[in-house]
Amino acid sequence: MEVIPFEPRFRSDVLELILGIQRDEFAIDITEGAQPDLQDVPAFYQNGRGGFWIAVSEGRVVGTIALLDIGNRHGALRKMFVHRDFRGAQPGTAKRLLDTLLDWARDEKFREIFLGTTAKFLAAHRFYQKNGFAEIAQATLPPAFPIMSVDTRFFHRRL
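This write-up is about the structure you can find in this document. Owing to the predicted nature of the structure, the values given are computational and were not obtained by experimental measurement.

1. Some remarks on the layout of surface pockets
- In this structure, the largest pocket encloses a volume near 870 Å³.
- Here the lining of the largest pocket is built from residues that sort into 22 nonpolar, 10 polar and 7 charged.
- Put simply, the second largest pocket is a space of about 200 Å³.
- If you trace the second largest pocket, you find it lined by D13, E16, L17, G20, I21, D24, E25, R60, V61, H83 and R84.
- Where the lining of the second largest pocket is concerned, the elements lending two or more residues are α1 (11–25) and β3 (60–71).

2. Thoughts on the pattern of salt bridges
- Evaluated as defined, the whole model comprises 11 salt bridges.
- In this structure, the salt-bridge partner of K95 is D99, at a minimum N-O distance of 3.0 Å. Taken together, the residues span about one helical turn, with K95 and D99 both in helix α3 (residues 93–107) at a distance of 4 residues.
- Judged by relative accessible area, which is 27%, D99 ranks as partly exposed.

3. Considering the packing of aromatic side chains
- By the definition in use, this model includes 10 aromatic pairs.
- Measuring from centroid to centroid gives 5.5 Å for F6 and F52, while their planes differ by 75 degrees, and the two rings are edge-to-face. Note that F6 is positioned in the loop between β1 (2–5) and α1 and F52 in strand β2 (residues 51–57), a separation of 46 residues in sequence. Pair check on accessibility: F6 and F52 agree, each one buried.
- A connected cluster of aromatic rings, assembled from ring pairs, spans F6, F44, Y45 and F52.
- When the ring centre of F110 is taken as reference, the NZ or CZ atom of R49 above it lies at 4.5 Å.

Rules used throughout
Residues numbered from 1 in each chain as written. Predicted model: local features only at pLDDT ≥ 70, side-chain atom pairs only at ≥ 80, totals over all residues. Heavy atoms only, no water. 1 Å grid on protein atoms, 1.4 Å probe; cavity = no way out; pocket = protein on both sides within 12 Å on 5 of 7 lines; lining within 4 Å. Points joined across faces, edges and corners; volume = space filled by probe spheres on them. Nonpolar A, V, L, I, M, F, W, Y, C, P; charged D, E, K, R; others polar. Helix = DSSP H or I, 4+ residues; strand = E, 2+ residues; numbered from the N terminus. Salt bridge = Lys/Arg side-chain N within 4 Å of Asp/Glu carboxyl O. Buried < 20%, exposed > 50% of the residue type's maximum accessible area, 1.4 Å probe, protein only. Phe/Tyr/Trp six-rings, centres within 6.5 Å; stacked < 30°, edge-to-face > 60°. Lys NZ or Arg CZ within 6 Å of the ring centre and 35° of its normal.

Encoded structure:
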C-alpha cells in the first residue's frame, strides 16, 4: 500500500469509497451532489497549501484524507475514510494517511488543524484522540472552518 497525492483518474474510485462508507456502513443519507468538494478535488483541495491524498493497494483506492487551507495558518482535515478491510493497526492505513497530512501541514507552516465529524464515527474519535487531537466545542472553531451538516463533534491539534 502506498499513499500518493490525488490524481483525477482516481475520482470515481474515491467517490465509490467515500459514498460506500457514508451510506452503507453508517447510514448517512448523503449524496455526491451534497459534497461539491468531490466534484473537482484539485480545484477544491490541491491549491494553495491544501492537499488530498489517497491510499492505494494493488491499484485500488482504500483510503482518503484531505487538508483544506482555511487561512491564518489553520487547516481543516476532511474526507478521512478507510475501507473496512484496511482499518486497524495493521496495515496502518489511517495512520499513514494522517502522518502524510501532518507532515505536509508542518512543511507548509500550518499552526493548527481542525476537524468535524459525525457522532457515529466512534472509532474515528478514538483514533484522532490517540493521535494528538483534543475534542473542542463548535463555538471555538475558527470562523472560516467549513461545518458540514453531519458534523456534531469537533477536534483540534496544534502543530
